[in-house]
Amino acid sequence: MDGLDDVVAADTVLSDVDGANGRLVIRGFALEELAGHVGFEDAARLLLDGMFDELPETPEFSRRLGLARCEVFEQVAALDAELASRPPVDAVRALMARLTDGDDLECALRLIAGPAVFTATVIRARRGERLPPPDPALSHAADILRMATDAPPSAARTAALDAYLVTIVDHGLNASTFAARVAASTLAGLTSAVLAGLSALKGPLHGGAPGPVIEMLDDIGSADRAAAWLDAALDRGERLMGFGHRIYRVRDPRADALKQAVRALAASSPQLPGRIALAEAVEAAALEVLRRRKPDRSLQTNVEFYTAVLLEALGFPADAFTCVFAMGRVAGWIAHAREQVLSGRLIRPKSRYVGPTPRQAA
Ligand code: ACO
């Protein structure tokens with residue numbers, strides 16, 4: 001009960017995480033039908049359908065999201081040297097907090113634009129560079145790559161980032177989405193809900209894992225060192241980042257979607273095939289070590305393992321991976337926040353008091 005395992009806290013039309021069968025359904029579509037087939041804007045629209053008074057078709061939605069990126073860009077001057085020196089997710093959260101609260105689609109679009117523009121700002125600032133202004137004519141994924149990375153947003157790179165953003169756009173009542181729904185249920189507004197989601201996302205047990213996956217791959221270095229390294233990590237009582245999940249007891253379907261996306265990129269990057277080979281060897285060794293050391297558990301690869309390989313290949317710095325996660329998941333948080341508000345119910349569970357009883361008055 002401590003972690004609310006198996007407690008149903010909301011009815012949702014947004015997504016279904018079927019842990020026993022390793023399936024993720026987003027508004028009636030299996031993940032495999034969406035990832036690699038539709039762009040981020042389509043997936044965001046799919047989630048937001050019915051949550052606002054208006055929702056334009058994808059081309060107009062994309063145009064307005066581009067304009068929202070330009071609007072949000074006006075806030076980037078608030079990034080001072082002190083803020084830029086903090087972990088990227090903390091700096092991005094501080095910048096997100098400058099966006100006005102609200103409940104309409106315009107507010108939602110600014111909030112979707114925010115992690116994209118602010119993460120790129122932070123990445124550039126730490127290299128002593130200024131963020132190039134957003135290009136509202138580009139797709140969201142292409143503009144993110146143009147703003148945040150050095151390589152141009154080729155069709156292959158844009159498709160890979162789209163596949164990533166779609167894969168992680170929503171995932172049932174995970175910790176950050178629950179946090180967003182709790183904040184939204186008080187009618188605090190969408191910005192508050194998104195800030196609650198982002199705050200819950202940053203921890204290493206949720207969206208903060210892929211950075212450490214890169215550290216693990218770098219530290220292991222070659223396939224022959226994997227098993228010994230992984231055993232030693234477990235001996236120290238550590239968890240292997242990118243493995244295990246509260247709900248999936250079989251393989252996380254998002255891991256496969258991302259493995260496919262990263263393989264599709266391999267042809268366009270000379271170093272990537274070697275990196276994928278190392279990742280696959282470490283994955284196989286980790287699954288074997290976990291089977292041997294935790295035989296009563298079913299610990300499988302989760303979304304964060306191939307997230308790390310993909311985002312590294314796209315040129316994002318490892319300590320900004322959580323922010324890139326937020327670029328996609330923000331659409332899910334907003335859809336859930338609106339769904340919660342439309343349900344009209346404040347979330348207010350009970351706790352069980354297990355402290356001392358009051359002493360009798362003398
Ligand atoms: N490495 C080693 N042992 C593990 C791992 C792991 N990755 N995951 C779970 N275990 C062990 C736990 O130590 C525990 O063992 P114990 O009962 O002997 O103490 C047992 O398996 C069950 O673990 P729980 O804590 O009950 O699993 P829970 O559902 O709470 O945790 C979580 C899920 C947090 C994802 C966990 O698997 C983990 O810490 N993984 C590593 C971090 C990670 O990859 N996070 C990203 C998750 S995906 C996402 O949020 C987007």
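Quick notes on the rules
Residues numbered from 1 in each chain as written. Predicted model: local features only at pLDDT ≥ 70, side-chain atom pairs only at ≥ 80, totals over all residues. Heavy atoms only, no water. Buried < 20%, exposed > 50% of the residue type's maximum accessible area, 1.4 Å probe, protein only. Helix = DSSP H or I, 4+ residues; strand = E, 2+ residues; numbered from the N terminus. Pairing = 2+ DSSP bridges. Disulfide = S-S within 2.5 Å. Near = heavy atom within 4 Å. Polar contact = N/O pair within 3.5 Å; in protein donor to acceptor, adjacent residues only side chain to side chain. Nonpolar A, V, L, I, M, F, W, Y, C, P; charged D, E, K, R; others polar. Phe/Tyr/Trp six-rings, centres within 6.5 Å; stacked < 30°, edge-to-face > 60°.

**Side note on the pairing of strand β2 (residues 23–26)**
- Residues Leu24 and Ile26 of β2 are buried on one face, while the alternating residues Arg23 and Val25, pointing to the opposite face, are not.
- Both strand β1 (residues 15–18) and β2 contribute to a ladder of four bridges, which runs antiparallel. Across the sheet, residue Asp16 finds its bridge partner in β2, namely Val25.
- Between the antiparallel neighbours β1 and β2 lie four residues, among them Gly22 with a positive phi of about 65°.

**Some remarks on the state of the cysteines**
- For the coordinates displayed, the defined rule picks out zero disulfides.
- With no disulfide of its own, Cys323 has Cys107 as its nearest cysteine by sulfur position, at a separation of 20 Å.
- The buried category is assigned to Cys323, whose relative accessible area is 1%.

**Thoughts on the site of the ligand**
- Within the structure, the ligand sits among 21 residues, and Leu240, Phe243, Arg246, Arg297 and Asn302 are positioned closest to it.
- At 2.8 Å from an oxygen atom of the ligand is found a side-chain nitrogen or oxygen belonging to Asn302.
- Grouping the amino acids of the shell around the ligand by side-chain chemistry returns eleven nonpolar, five polar and five charged.

**A word on the packing of aromatic side chains**
- In total, this model carries two aromatic pairs according to the counting rule given.
- Aromatic pair Phe243 and Phe305: ring centres 5.2 Å apart, planes at 50°, arrangement tilted. Of this pair, Phe243 sits in the loop between α12 (226–235) and α13 (253–266) while Phe305 sits in helix α15 (residues 303–313), placing them 62 residues apart in sequence. Summarising the burial analysis for this pair, Phe243 and Phe305 share the class buried.
- Summarising the aromatic geometry, the rings of Phe305 and Tyr306 are spaced 5.1 Å apart at their centres and angled 85° between planes, so their arrangement reads as edge-to-face.
- Since its relative accessible area comes to 0%, Phe305 is described here as buried.
- Residue Tyr306 is classed as buried on the basis of its relative accessible area of 0%.
- One aromatic cluster is present, formed by Phe243, Phe305 and Tyr306 through successive ring pairs.

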